[in-house]
Amino acid sequence: MAETRRIIIDTDPGQDDAIAILLAMGSPELEIAGLTTVAGNVPLALTTANALKLCELTGRTDIPVVQGSIRPLVRPLVTAEVVHGKTGMDGSGLPDPTTKPVPGHAVDWIIDTIMAAPEGTYTLCPLGPLTNIASALVREPKIAPRIREIVLMGGGFFEGGNTTPAAEFNIYVDPHAAHVVMTSGIKLTMVPLDVTHKALTTKPWLDKVAALGTPVAKSVHGMLGFYERFDKDRYGLAGAPLHDPCVIAYLLKPELFGGRDCHVAIELAGEHTLGMTVVDWWGMAGKWGGTDRSKNCRVLRDIDADGFFELIYQALQRL
C-alpha cells in the first residue's frame, strides 16, 4: 500500500474549498493534520466557522481547526461574498458549528507542527490567500527545507484573472504573501485558472451527486447549485469551475494533470497588473529582467476533467 501523505490544508471556505476538504477527507491516501484558516473569500470568523461546519458534517471533529490571519500582510482585505454568498458557503444548508477552533494562531501551529516532525513530512495545500504560509516562512525560515512540497491554488496566465483582468483572487488578495512563497526555494506546484476553468460542473454530475442521498452529498449539491450561478452569469461558463479541489486531486492522481516547470514572479507594483502571476511558460529566462529567473514552480495547464470529477464522486461515496 502506498504511503499516506500528511497534509496541512490552509483554507478560506468557500464552496470550492469545501469540496477540496471533502475530497481530502474521503481519500484514505491523505492524512489531514489540520485545517488552518485565513481571511479571503469571506472574513476570518466565517472561514473558520465554515471549516468547523465541514468537520462536523463528516464526523471529523478530530481534525484540528486553527484560526489564522485576519488580513493580508500589507493591503486591506478584499473578500468575495458576491461569488460565495454572505456566509462563504451559501447553499450548504449547514447549521452554525457547535465546536470551536483549537487555541492559538495558525501561523504558530504551522511552525510548531512542521518543526516537530521529520524533514519532508508535510505537504502544504493552500486554497486561499497565502498570508498564513508567508507569515510562517518569515517568522521561522527553518521550516522551508522541512516542507515536502507546497501545492497551491492561485494565479492564471493564459486565462488572465478572475478578480482583475490580470490577477486571480487568491494572489490578488495578498500578492506580497505570494511573493514570499514563490521566492522561498520550496518545491512548488501552482494550480491556476488555466486548469480550473477546464474543470466545470455539469448537471448530470450534480444529479449523480444528489442521488447519493447522504447528508454530505445533499450539502455538496446545495452549495454547488448556489456557487455555479456566478460563473455562468459573469463568464458565460457552462458550470462552476472547481478551483480548489484540483489541488487535492493533483496529490491523489498527478497523472490527471499536465504542465511544466517555469519561473513564476508575482507583480507587486503594476497599476493594472497587481497580483499577476508572470509565468515564463516559453523559457525566456535570461532574456528579460536582471535577476534570477530560474524555474521555481511547476505550473499546471491541462486536466482530465472526467477523471477529476470521478475522483470527487468516489470520495463523496465514502463520506
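One can find the structure itself at the top, above this paragraph.
It should be emphasised that the depicted structure is a prediction, and the values quoted were computed from it without experimental measurement.

Novice: Account for the packing of helix α9 (residues 203-210) against helix α10 (residues 215-235), naming residues and giving values.
Specialist: Two elements in contact, α9 and α10, have axes separated by 8 Å at closest approach and are oriented at 155°. In this view, α9 runs roughly antiparallel relative to α10, as classed from their interaxial angle. The residues of α10 that touch α9, namely those facing W205, L206, D207, V209 and A210, are A217, V220, H221, L224 and E228. Of the residues in the contact of α9 with α10, the class split is 7 nonpolar, 1 polar and 2 charged.

Novice: Can you lay out the layout of surface pockets for me, pointing to particular residues and giving the numbers?
Specialist: Empty space among the atoms becomes apparent when a probe as large as a water molecule is rolled across them. Size it by volume and the largest pocket reaches roughly 340 Å³. Lining the largest pocket are 25 residues, and of these A80, V83, N162, T163 and F169 sit closest to its centre. For the lining of the largest pocket, the secondary structure elements donating two or more residues are α1 (15-25), α3 (81-84), α6 (169-173) and α10. A per-class count over the lining of the largest pocket returns 11 nonpolar, 7 polar and 7 charged.

Novice: Hey, could you go over the pattern of salt bridges for me, with residue numbers and the actual values?
Specialist: Summed over the entire model, instances satisfying the criterion amount to 8 salt bridges. One salt bridge in this structure joins K198 and D302, with 3.1 Å as the shortest N-O distance. Within this pair, whereas K198 is found in the loop between α8 (193-196) and α9, its partner D302 is found in strand β10 (residues 297-303), the two being separated by 104 residues in sequence. Residue classification places K198 among the partly exposed residues on the basis of a relative accessible area of 39%. Residue D207 pairs with K203 through a salt bridge whose shortest N-O separation is 2.8 Å.

About the cut-offs
- Counting restarts for each chain: residues are numbered from 1 in the order of the written sequence.
- For this predicted model, a pLDDT threshold of at least 70 governs which residues receive local features, and a threshold of 80 or more governs which side-chain atom pairs are given and counted, while totals over whole chains, interfaces and linings are taken from all residues.
- Hydrogens and waters are ignored; side-chain quantities use all the structure's heavy atoms.
- Note on geometry: axes are C-alpha line fits, over the in-contact stretch for helices, and angles between N-to-C directions span 0 to 180 degrees.
- A run of H or I in DSSP counts as a helix once it spans at least four residues, and a run of E counts as a strand once it spans at least two, with each numbered from the N terminus.
- Note that the term roughly parallel is reserved for angles under 35 degrees, roughly antiparallel for angles over 145, roughly perpendicular for angles of 65 to 115, and oblique for everything else.
- Only heavy atoms matter for contacts: two residues are in contact if any of them lie within 4.5 Å across the pair.
- Polarity classes work like this: nonpolar for Ala, Val, Leu, Ile, Met, Phe, Trp, Tyr, Cys and Pro, charged for Asp, Glu, Lys and Arg, and polar for all others, with Gly in that last group.
- Think of a 1 Å grid over just the protein atoms. A cavity is a set of points where a 1.4 Å probe fits yet cannot get out, a pocket is an open set with protein on both sides within 12 Å along at least five of seven lines, and lining residues have an atom within 4 Å of a point.
- Grid points are joined across faces, edges and corners, and a volume is the space filled by probe spheres set on the points.
- What makes a salt bridge here is a side-chain nitrogen of Lys or Arg within 4 Å of a carboxyl oxygen of Asp or Glu, nothing more.
- Exposure categories follow from relative accessible area, calculated using a 1.4 Å probe and restricted to protein chains: below 20% of the type maximum is buried, above 50% is exposed, and the middle band is partly exposed.

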